[in-house]
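# Chain and residue survey
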Amino acid sequence: MDTSPPTVPAACVPLSPAAPRRVLATRHAGWAGRLAHTLARTGIQPNTVSIAGLVCAAMACVAFVVALELTVTSRAGALIGAAAAIQLRLLCNLLDGMLAIEHDLRTKGGEIFNELPDRIADVLILVGAGFSVSTLPYGAVLGWAAAIMALFTAYVRVLAGSLGLTQHFIGPMAKQHRMFTLTLATVISSIEAPLHQRSFGIYAALAIIVAGSLLTIVRRTRRMVAEVNGR
């Protein structure tokens, strides 16, 4: 007699529980709930919003890159555009999660779309920001270093999850902190533009992101190791 469990068709396999989520106050804002509800009613899927976030990151990257070659006035406009694109990327990151969880639109590949485009977006934005200050000493290097640190902070978090441990979203340079720092610096640099061609605000922000991300990596790793040792 065959006592093996019955085979369940792939289409009937239940989705895995939702991945851990970072704490965001804006997730509970009325405007965010209304916007997510509107998107859900129109049939827009979370994965589509995730890709839209990646497109916004690419727009920010292009704005940073072209800003270096523009006239003073146009440069300020490009930097404001980059700052706006960064915030739109974060808005997409907020809404894809709300659609998936609050509106129960998760898909089997949802976690892939939740993580992979985010990592590409970080690299596009931070490397682009580095290129915009490449006339300053090691400006481009700072951009690449910030991108590597951003990837590493995410890697440590996801590594903890792969080991069955708690995924910590702590900073001081988690994604929302990095993007807030860079957005603020980009706006400051748009004000700098009429004065000179060098964006010291972005340059300083990238240095802060590198240093803060290193501290974030250390903090997350220490919590992961402590949890392993406490088992």
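Worth saying up front: this structure is predicted, and the values here are computed from it rather than measured.

In this section: the overall build of the protein. Helix and strand content of the protein: seven helices and zero strands. Starting at the N terminus, the α and β elements of the protein follow one another as α-α-α-α-α-α-α. When the 231 residues of the protein are sorted by exposure, 42% land in the buried category. Considering only contacts in the protein between residues 6 or more positions apart, those separated by 24 or more positions represent 83%. In the form shown here, the protein has an accessible surface area of approximately 12000 Å², with 71% of it arising from carbon and sulfur atoms.

In terms of nonpolar packing, the biggest core is built from 31 residues, with F64, I86, I125, L126, L182, I202 and L206 touching the most fellow members. Going through the elements one at a time, α2 (46-67), α3 (72-101), α4 (110-132), α5 (139-162), α6 (175-192) and α7 (200-229) are the ones with two or more residues in this core. Not counting residues within four places of it along the chain, the set of residues in contact with L182 comprises F64, I86, I125, L126, A129, I202, A205 and I209. Within the second largest apolar cluster, eleven residues are counted, among which are L24, V49, L94 and L95.

So, about the packing of aromatic side chains. Under the counting rule described, the total for this entry stands at one aromatic pair. Seen from their ring centres, F152 and Y155 are 6.0 Å apart, and the 80 degrees between their planes marks the pair as edge-to-face. A residue pair is termed a helical-turn pair when its members lie 3 or 4 positions apart in one helix, as F152 and Y155 do in helix α5 at three residues. Assessed through its relative accessible area of 40%, F152 is described here as partly exposed.

A few words on the packing of α3 against α4. Relative orientation of the contacting elements α3 and α4 amounts to 165 degrees, with a least axis distance of 12 Å. When the axis of α3 is compared with that of α4, the two are roughly antiparallel. The two elements α3 and α4 meet at a crossing, and its hand is left-handed. Contact residues: R75, I86, R89, N93 and D96 in α3; N114, D118, A121, D122, I125 and S132 in α4. Classifying every residue of the contact of α3 with α4 gives three nonpolar, three polar and five charged.

About the cut-offs
- Residues numbered from 1 in each chain as written.
- Predicted model: local features only at pLDDT ≥ 70, side-chain atom pairs only at ≥ 80, totals over all residues.
- Heavy atoms only, no water.
- Helix = DSSP H or I, 4+ residues; strand = E, 2+ residues; numbered from the N terminus.
- Buried < 20%, exposed > 50% of the residue type's maximum accessible area, 1.4 Å probe, protein only.
- Contact = heavy atoms within 4.5 Å.
- Areas by Shrake-Rupley, 256 points an atom, 1.4 Å probe, with all protein chains shown as cover.
- Core = buried A, V, L, I, M, F, W, Y, C linked by side-chain atoms within 4.5 Å.
- Phe/Tyr/Trp six-rings, centres within 6.5 Å; stacked < 30°, edge-to-face > 60°.
- Axes fitted to C-alpha atoms, helices over the stretch in contact; angles between N-to-C directions.
- Parallel < 35°, antiparallel > 145°, perpendicular 65-115°, else oblique.
- Left-handed = near helix turned anticlockwise from the far one by under 90°.
- Nonpolar A, V, L, I, M, F, W, Y, C, P; charged D, E, K, R; others polar.

Keep in mind that these numbers describe shape and distance, not what the molecule does.
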